[in-house]
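Summary of the model geometry
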Amino acid sequence: MKELVLASHNAGKLRELQALLGNSIKIRSISEFSSVEPEETGLTFIENAILKARHASQISGLPALADDSGLTVDYLQGAPGIHSARYSASGGDAGNNRKLLEALQGVPEAQRGAQFVCVLALLQHANDPLPIICEGHWQGRILLAPQGMNGFGYDPLFYVAEQRCSSAELSNELKNQLSHRAQAMQRLKQQLAL
Ligand SMILES: O=P(O)(O)OP(=O)(O)OP(=O)(O)OC[C@H]1O[C@@H](n2cnc3c(O)ncnc32)[C@H](O)[C@@H]1O
Ligand SMILES: [Mg+2]
């Protein structure tokens, strides 16, 4: 595999995925080919990752890598989960974070456990019957108020105990060593012998 298309329209994810993949494969952005985002109709991260990779491979003719990820909060029985990107009505990061804080209003620290989850799906071609699927999990808890400016999405609310800060206060390099996405990518690289 010499080049692949990254099937994501999320600029934060693209930045991280490109840094994590390195230079051994030429990475093309899906935006070169289309701005249409497939509907994420799956009931699991895995289904949605496959669906996005298949769509990207169909329109580009290239092998495709997709990332379906999200935040699962213990107190909310795993919500927002696969709906993380569309949690609030606006669907933007600020609205999603506000809604999460409201949902956890009054909930004590000990009950604010959460995980970031990332599933990567790699399809060699649009009809690939055996996609490579790798996942990563990152344990944390939800802060009482946003902290930090780095990263994207729910990072300002995700407290990383070992670093004593939110994931939006980590450098890009450190987040890329610890995150759910980093762990999933490490497994994918092992499978591809990269
Ligand atoms: O589907 P694509 O085009 O890749 O982009 P998206 O933003 O819609 O991505 P998802 O459907 O996978 O939804 C992921 C959600 O989880 C959030 N998320 C995922 N990884 C994150 C991270 O490392 N830090 C903060 N938030 C993250 C992200 O902000 C979205 O709200
Ligand atoms: Mg999405």
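Further up the page is the structure itself.
Residues numbered from 1 in each chain as written. Chains lettered and ligands numbered in written order. Predicted model: local features only at pLDDT ≥ 70, side-chain atom pairs only at ≥ 80, totals over all residues. Heavy atoms only, no water.

Points about the site of ligand 1
- As a structural note, the neighbourhood of ligand 1 is formed by 21 residues, with Ser8, His9, Lys13, Lys52 and Lys175 the closest of them.
- One nitrogen or oxygen atom from the side chain of lysine 13 is found 2.7 Å from an oxygen atom belonging to ligand 1.
- In the complex, 94% of the free accessible area of ligand 1, which totals 620 Å², lies under the protein chains.
- With respect to the pocket detection grid, ligand 1 is positioned in the largest pocket.
- Residue assignment for the shell around ligand 1 shows that the elements contributing at least two residues are strand S3 (64-73) and helix H5 (180-192).
- For the shell around ligand 1, the leading source of residues is S3, giving 4 residues.
- Looking at the shell around ligand 1 residue by residue, the classes come out as 4 nonpolar, 8 polar and 9 charged. (Near = heavy atom within 4 Å. Polar contact = N/O pair within 3.5 Å; in protein donor to acceptor, adjacent residues only side chain to side chain. Areas by Shrake-Rupley, 256 points an atom, 1.4 Å probe, with all protein chains shown as cover. 1 Å grid on protein atoms, 1.4 Å probe; cavity = no way out; pocket = protein on both sides within 12 Å on 5 of 7 lines; lining within 4 Å. Sits in = over half its atoms within 2 Å of the grid points. Helix = DSSP H or I, 4+ residues; strand = E, 2+ residues; numbered from the N terminus. Nonpolar A, V, L, I, M, F, W, Y, C, P; charged D, E, K, R; others polar.)

What about the pattern of salt bridges?
- This structure, assessed with the given rule, holds 10 salt bridges.
- Between glutamate 16 and lysine 175 there is a salt bridge, with the nearest N and O atoms lying 2.7 Å from each other. In this pair, glutamate 16 sits in helix H1 (residues 11-21) while lysine 175 sits in helix H4 (residues 172-178), placing the two residues 159 residues apart along the sequence. When sorted by exposure, glutamate 16 lands in the same class as lysine 175, which is buried.
- Within this structure, Lys13, Glu16, Asp67, Asp155, Lys175 and Arg181 form a network of salt bridges that share partners. (Salt bridge = Lys/Arg side-chain N within 4 Å of Asp/Glu carboxyl O. Buried < 20%, exposed > 50% of the residue type's maximum accessible area, 1.4 Å probe, protein only.)

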